[in-house]
Amino acid sequence: MKRREEINSLKNLERLKEEGMNSLFPSRTKIMVGMATCGKAAGAGEVWQVLNKEVKKRKIDALVVKTGCIGLCQHEPLVDILKPGYPRITYDRVTPEKVGELLDGLVKGKFKKGIMARIDQEEFLLDDTSRRYNKGKIPAYLASVSPYKKLPFYKKQMRIALRNCGFIDPENIAEYVAKGGYFSLAQVLKGRKPEKVISQIKSSKLRGRGGAGFSTGLKWEICRNADGEERYLICNADEGDPGAYMDRSILEGDPHSILEGMLIGGFAIGASQGCIYVREEYPLAIERLEIALNQVRGEGLLGKNILDSGFDFEIEICQGAGAFVCGEETALIQSIEGNWGEPKPRPPFPAISGFRGKPTVINNVETWSNVPAIMARGAKWFSGIGTSKSKGTKVFSLVGKVCNIGLVEVPMGITLKDIIYGIGGGVPNGRSFKAVQTGGPSGGCIPKDLIDLPVDFDQLKKAGSIMGSGGMIVMDDRTCMVDVAKYFLSFLEEESCGKCVPCRVGIRRMREILEDITSGRGEEGDIEYLQQMAEAVKDGSLCGLGKTAPNPVLATIRYFRDEYEAHIKEKRCPAGVCKPLITYSIDAENCTGCGACQRVCPQEAITGKKKKPHQILIDKCIKCGACFEVCKFDAIVT
Amino acid sequence: MISLTIDNQTIEVAEGTTVLEAAEKLNIYIPTLCHHESLIPYGGCRLCVVEVSRNGAADLTSSCTHKVEEGLKVKTNTERVRKVRRLVLELLLADAPEAPILQDLAREMGVTRSERLKPRKDDLCILCGRCVRACREVVGVNAIDFAGRGYSKKVAAPFFKSSPDCIACSTCFYICPTGAITMREVEEGEKARIPEGEIVEGPARIIDNWKVGLTMKRCKKCGEIIAPEFQLEYLRKKVDLKEDHFDICPSCRE
């Protein structure tokens, strides 16, 4: 009897897989819209509505479905068309107005205009296979279109955590299963020992993707071996770095990968209850997680006696109010328990005494998403990727002054240059690269001299920054590094929970000094004082927030000391950013009298005749910098 | 028993002892601010930081929260430790320059107020949380808590209004290390105004920070003031005493 049930549950997965394959390779046309938050922000919601309406109106035999973020956020809204007999075709920057044209092309069989790339095959990372969409030849008119993997943006990427994002419908469990999903879980539950699972994760050398980079397998082992009957497991989805949205994209684009990772983790450590701590500001992520949870429950993959293995597991969603410090594991636990989100001193570490004082494993979204892949492909495969101490890949959200803004996943050890220039396409508007901030607000700025730095946990630390959860902000030559340090400290000042003195008062006071420096009130000795304070705050703070908060100050002083000195001694901002220190004027030699500055000036502070050098009326100028931004001849000087 | 070394002296203490307690046993002085023996260790002020190591690299940790471990090596007065303590004092001194305890500690450690940091003068509170914790852990009333975050964090009654739960027991007043909490006893026949509130007639006790003013109860026998009515009522219910138990003062009861 038991045997038959086991077969039945596997049969269920096989059925889902078949269903999913039919949906990935449909017999009728499928139109996919990138509907993650990034896509929606770019207007995908409107495109989605118009598409649905038009398809109905024109009686086109096509399915319209949602996908997650494929990474190229700069080009959104993205619409993909998969017509039987053709490769999948990606259209970028689609507007509601362009939808009609797009559908015309579809009906006529030639859809040439506005194509960004074609995708020839569906990759099955977990099975290490791929399958072409069209059996025959690529139609001639599409031959010249770049396959997406050959686009500079994707060429150097390797997508493990993001394997399904943008390829499957995140609200369809069958598509996840078709891509190999839940088979890792089935395999684990089929008779593997929990210790074996842990040793596999350990030998994969996976390190936590939330920031600290602790060995995931070791954390699981400590928790499993800790005293006590009850154990808990938490997914940390409290992503809060400014400009970083790695976890959100996975939650929105492939929620099942996290659930499967957690199920495997729960089995390995001996927990029967898991919790996803996700911030309330991620409503779409929460919605998709809820849908996914309902689906797994319905398919018998969550709850009692999962896949007839005797393993019980439940997952709950716990919404946080969005405090940055709640990403710190002890503060996160406090928050789940309904307390004030304040960190506690460690030890004891949560793996020994966590939620309700019980052994608790907390891993970040990206970490969980890697787990099923490691189980499917093996530890050796995973540890074959990356550098000696940082294995696998890392997702970065590449933002700031870079041509291709988006979400990228790269093997550890890739150089900053490859990411910023190769994938990111370099700095836009003819400006030059100055620095890159990694690791979020408490990371550090790495200057252009270190552009060949291989990106992994240890190298970034050596350079005075951190890996963090994967924020990567590119800055050009018009960025003032003192101002940058001030910006990050202001963020951290507000997000400090206020429990310990070094963090609460130290960050505030450092920010005040930076405020002085950028306003022309900097004093001799400020740099040394800042350094001294920063070192002590780093050493003396209670939790990770305070311990890393001084990084932006220390790293900018380390690499851009001359800029600090220019502010303090010469009362000058070399990048022309700090308003109290700049006066705009026009270099008559460079000015062509094009009038561009005159048109953008909100104060009518610029005078001059056409084709003659212009002037700025100092009294009227509010130093908004609009003229500086718009001038193509570098004629506006500070 | 757990054996550890503090400043090269070995000591054996019971499991669960904190490093601070162990150091006290050896008469090694570690300055503290947010620590109080009646409260659960908090680790907020960071004044009691020490260097701990087992094998290899030393970590800085708050001695009031760190439990002893077998073979632990503790150093209580290294340059690294002093740097953090000095920073803490310097920062707090700029925030509450008038607080006597900070002035004393600064003298003791040779710290002077930094000219570079503008003094903040509106508040003596250094957010050590002793009042909040005492109200919760000792009194069990939970009348006050932290509000806000970071530098703008404050201790307050809910919504910064008059506390509906405060029993004016004055524990917070006595446990505050900096004198940030003000309490006024309003004598019989006198009147005083509660901050942002009404006028109360004596005998009463006002705690300004929580915007409460509560009437004091007199002994029915000798007429001496016993304590705030609310406090006596709270105690009576908590220990399940007779309704008239606190009508007479403890001395008359004897």
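The rules we used
Residues numbered from 1 in each chain as written. Chains lettered and ligands numbered in written order. Predicted model: local features only at pLDDT ≥ 70, side-chain atom pairs only at ≥ 80, totals over all residues. Heavy atoms only, no water. Phe/Tyr/Trp six-rings, centres within 6.5 Å; stacked < 30°, edge-to-face > 60°. Helix = DSSP H or I, 4+ residues; strand = E, 2+ residues; numbered from the N terminus. Lys NZ or Arg CZ within 6 Å of the ring centre and 35° of its normal. Buried < 20%, exposed > 50% of the residue type's maximum accessible area, 1.4 Å probe, protein only. Lys, Arg positive; Asp, Glu negative; His and termini not counted. Salt bridge = Lys/Arg side-chain N within 4 Å of Asp/Glu carboxyl O. Polar contact = N/O pair within 3.5 Å; in protein donor to acceptor, adjacent residues only side chain to side chain. Contact = heavy atoms within 4.5 Å. Pairing = 2+ DSSP bridges. Axes fitted to C-alpha atoms, helices over the stretch in contact; angles between N-to-C directions. Nonpolar A, V, L, I, M, F, W, Y, C, P; charged D, E, K, R; others polar. Parallel < 35°, antiparallel > 145°, perpendicular 65-115°, else oblique.

Caption draft 1: Fine view of the packing of aromatic side chains. All names here are of chain A. Overall, the coordinates contain 17 aromatic pairs over all chains when judged by the stated rule. Look at tyrosine 421 and phenylalanine 433: their rings are 6.3 Å apart centre to centre, the planes differ by 75°, and that puts the pair in the edge-to-face class. Placement of tyrosine 421 in helix α17 (residues 416-423) and of phenylalanine 433 in strand β15 (residues 433-438) is noted, with a sequence separation of 12 residues between them. Over the ring of tyrosine 282 we find arginine 248, and its NZ or CZ is 5.9 Å from the ring centre. When the ring centre of phenylalanine 396 is taken as reference, the NZ or CZ atom of lysine 394 above it lies at 5.7 Å.

Caption draft 2: Just the side chain of arginine 159 of chain A, in detail. Residues and elements named next belong to chain A. Following the sequence through the fold, arginine 159 ends up in the loop between α6 (152-155) and α7 (173-178). Summary of buried charges: arginine 159 has no salt-bridge partner, and the nearest side chain of opposite charge, glutamate 409, is 5.7 Å away. In terms of polar contacts, arginine 159 uses its side chain to reach the backbone carbonyl oxygen of isoleucine 70, at 3.1 Å. A polar contact of 3.3 Å, which involves the side chain of arginine 159, links it to the backbone oxygen of cysteine 165. Setting aside anything within four residues of it in sequence, one finds arginine 159 in contact with Cys69, Ile70, Leu125, Tyr154, Cys165, Leu407 and Glu409.

Caption draft 3: Representation of the sheet that holds strand β8 (residues 183-186) of chain B within the structure. Residue and element names in this part refer to chain B. Read from one edge to the other, the open sheet built from four strands follows the order β8-β11-β12-β13, with strand pairing classed as antiparallel. Every other strand in the sheet has two partners, leaving β8 and β13 (225-228) as the edge strands with one partner each. With strand direction ignored, the average angle separating the axes of adjacent strands in the sheet is 25°. Pairing between β8 and strand β11 (residues 204-207): four bridges, direction antiparallel. Among the inter-strand pairings, methionine 183 is bridged to a residue of β11, identified as isoleucine 207. Strands in contact with helix α6 (residues 229-239) are β11, β12 (212-218) and β13; relative to β13, the strand with the most contacts, it is inclined by about 80°.

Caption draft 4: Region of the structure containing the interface of chain A and chain B. With 33 residues of chain A at the interface, the matching set in chain B holds 33 residues. Where chain A touches chain B, the interface holds eight salt bridges. Close ionic contact of glutamate 495 of chain A with arginine 149 of chain B constitutes a salt bridge, the shortest N to O distance being 3.2 Å. Summed over the shared surface of chain A and chain B, the result is 17 residue pairs in polar contact (both at pLDDT 80 or more). Secondary structure elements with two or more residues in the side of chain A that touches chain B: α19 (481-495), α20 (501-518) and α21 (526-540) of chain A. A breakdown of the residues in the side of chain A that touches chain B according to their chemical character gives 15 nonpolar, five polar and 13 charged.

Caption draft 5: Inspection of the pattern of salt bridges at higher detail. For the structure on display, the rule yields 65 salt bridges over all chains. With a shortest N-O distance of 3.5 Å, arginine 224 of chain A and glutamate 195 of chain A are connected by a salt bridge. Within this pair, whereas arginine 224 of chain A is found in helix α10 (residues 216-225), its partner glutamate 195 of chain A is found in helix α9 (residues 194-204), the two being separated by 29 residues in sequence. The partly exposed category is assigned to glutamate 195 of chain A, whose relative accessible area is 44%. Where aspartate 516 of chain A meets arginine 116 of chain B, a salt bridge forms, and the shortest distance between an N and an O atom there is 3.2 Å. Of this pair, aspartate 516 of chain A sits in helix α20 while arginine 116 of chain B sits in the loop between α3 (100-109) and α4 (130-139), placing the two residues on different chains. When salt bridges with common partners are traced through the structure, they connect Asp483, Lys486, Glu493, Arg508, Arg509, Arg511, Glu512 and Glu515 of chain A together with Asp95 of chain B into a single cluster.

Caption draft 6: Structural detail: the side chain of lysine 211 of chain B. Residue and element names in this part refer to chain B. Turning to its location among the elements, lysine 211 is positioned in the loop between β11 and β12. Side-chain polar atoms of lysine 211 contact the side chain of glutamate 196, separated by 3.3 Å. Apart from residues no more than four positions distant in its own chain, lysine 211 is found in contact with Phe160, Lys161, Ser162, Ser163, Ile194, Pro195 and Glu196.

Caption draft 7: Representation of the pairing of β15 of chain A within the structure. Residue and element names in this part refer to chain A. Of all six residues that make up β15, six are buried, and the element is covered over most of its length. Both β15 and strand β17 (residues 471-476) contribute to a ladder of five bridges, which runs antiparallel. Residue pairing in the sheet places glutamine 437 in a bridge with isoleucine 473 of β17. Judged from the four bridges that link them, β15 and strand β16 (residues 444-447) form a sheet pairing that is antiparallel. Bridged to alanine 435 within β16 is proline 447. In sequence, β15 turns back onto β16 through a hairpin of five residues, with glycine 439 there showing a positive phi of about 85°.

Caption draft 8: Inspection of unusual backbone geometry at higher detail. Residues and elements named next belong to chain A. The linkage connecting glutamate 76 with the following residue, proline 77, adopts the cis geometry, with an omega of -5°. If you trace the backbone, proline 77 turns up in the loop between β2 (62-67) and β3 (79-82). At lysine 59, a residue that is not glycine, the phi angle is positive and equals roughly 50°. Among the structural elements, lysine 59 can be located in the loop between α3 (44-57) and β2. For lysine 611, which is not glycine, the phi dihedral falls at a positive 65°. You can see lysine 611 is positioned in the loop between β19 (606-607) and β20 (615-616).

Caption draft 9: Structural view of the pairing of strand β10 (residues 303-306) of chain A. Residues and elements named next belong to chain A. For β10 and strand β11 (residues 311-320), the ladder comprises two bridges, and the chain directions are antiparallel. For glycine 303, the partnering residue across the bridge sits in β11 and is phenylalanine 313. Counting the residues that bridge the hairpin from β10 to β11 gives four residues, and of these leucine 307 lies at a positive phi of roughly 50°.

Caption draft 10: Main features of the packing of helix α11 (residues 246-253) of chain A against helix α15 (residues 365-377) of chain A. Residues and elements named next belong to chain A. The contact between α11 and α15 brings their axes to 9 Å, and the two run at 50°. In terms of their interaxial angle, α11 and α15 are classed as oblique. Taking contact as the criterion, the partners of Asp247, Ile250 and Leu251 in α11 are, on α15, Val365, Glu366 and Ser369. For the contact of α11 with α15, the class distribution of residues is three nonpolar, one polar and two charged.

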